[in-house]
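# Structural overview
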Amino acid sequence: MKEEDKIKAGILFSPASPDLKAIKLRTHKLNLDYNRTYEDETEKRAEIIHAILGEMGAGTFFQGPITFHYGIHTRVGRNCFFNFNLTVQDDAEVTIGDNCNFGPNVTIVTPVHPMLPDERREMLCADGVKRALCYAKPVHIGNDCWFGANVVVCPGVTIGNGCVIGAGSVVVKSIHANSFAAGNPCRVIRELTEADSMIYKPEILGDNRVI
């Protein structure tokens, strides 16, 4: 079984395998290329980010700097905004839906290392060679989510549609749709309802109107 197949199967794999290292090296170079561009170099940025990601919908914008590990394992929907310093360690699959907004310094991680130091250092593979191994769990984020600054999403988490994740949260468990969740570890504070509408905050709404 190829190392890429092991990742998808959720079993231990060698991140140092030549095939995986080649993917990561390519993506790391493209990260640097993107981060050297100016914000208004839209065509150049579009070309680079499409080369990094497995899939990206129209209208999505990455402020930069960005850091993707594999890139090709990440799929992003339409009309998303990602603020400064997005990090996605996408050893396993990462999916992000449409119309999401991420504050600065959001981090998504999928790899998991053995807890015991001896096992973390090396394990014996089927071919008789000792290697450092890890495994990875996918992360799935729904549509219309807003993440505050410095949110960390841990391996295996699913966040439902319409969620708001408070700044500084460390999300270690899945969050059901239409929730406001925050904290370390992140927990659901309450359900988001019509009562959260800006209609009920006229002092902030000003002369604007809810559509």
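Data block above holds the structure.
Thresholds, definitions, all that
- Residues numbered from 1 in each chain as written.
- Predicted model: local features only at pLDDT ≥ 70, side-chain atom pairs only at ≥ 80, totals over all residues.
- Heavy atoms only, no water.
- Helix = DSSP H or I, 4+ residues; strand = E, 2+ residues; numbered from the N terminus.
- Buried < 20%, exposed > 50% of the residue type's maximum accessible area, 1.4 Å probe, protein only.
- Areas by Shrake-Rupley, 256 points an atom, 1.4 Å probe, with all protein chains shown as cover.
- Pairing = 2+ DSSP bridges.
- Core = buried A, V, L, I, M, F, W, Y, C linked by side-chain atoms within 4.5 Å.
- Contact = heavy atoms within 4.5 Å.

### Side note on the overall build of the chain
On a plain count of helices and strands, the chain comes out with five helices and 21 strands. Overall, the C-alpha framework of the chain stretches about 70 × 40 × 25 Å when taken along its three principal axes. Split into buried and exposed, the 211 residues of the chain put 41% on the buried side. For the chain, the accessible surface area stands at approximately 11,800 Å², while carbon and sulfur atoms represent 55% of it.

### Focus on the sheet that holds strand β5 (residues 81-82)
In a beta sheet, neighbouring strands are held together by backbone hydrogen bonds and run either parallel or antiparallel to one another. In space, the seven strands of this open sheet follow the order β2-β5-β8-β15-β18-β20-β21, with mixed pairing throughout. Every other strand in the sheet has two partners, leaving β2 (61-62) and β21 (187-191) as the edge strands with one partner each. Summarising the sheet, β5 and strand β8 (residues 101-102) pair through two bridges and their orientation is parallel. Bridging from a neighbouring strand, Phe81 pairs with Asn101 of β8.

### Some details on the nonpolar core
With 35 residues, the main nonpolar core has Phe62, Phe102, Ile141, Phe147, Ile159 and Ile165 as its most contacted residues. Elements that contribute at least two residues to this core include exactly α2 (18-35), α3 (42-52), β3 (66-68), β6 (86-89), β7 (94-96) and β14 (139-141). Ranked by residues supplied to this core, first place goes to α3 with three residues. With sequence-adjacent residues up to four places away left out, Phe102 is seen in contact with Phe81, Phe82, Asn83, Leu86, Ile96, Ile108, Ile141 and Phe147.

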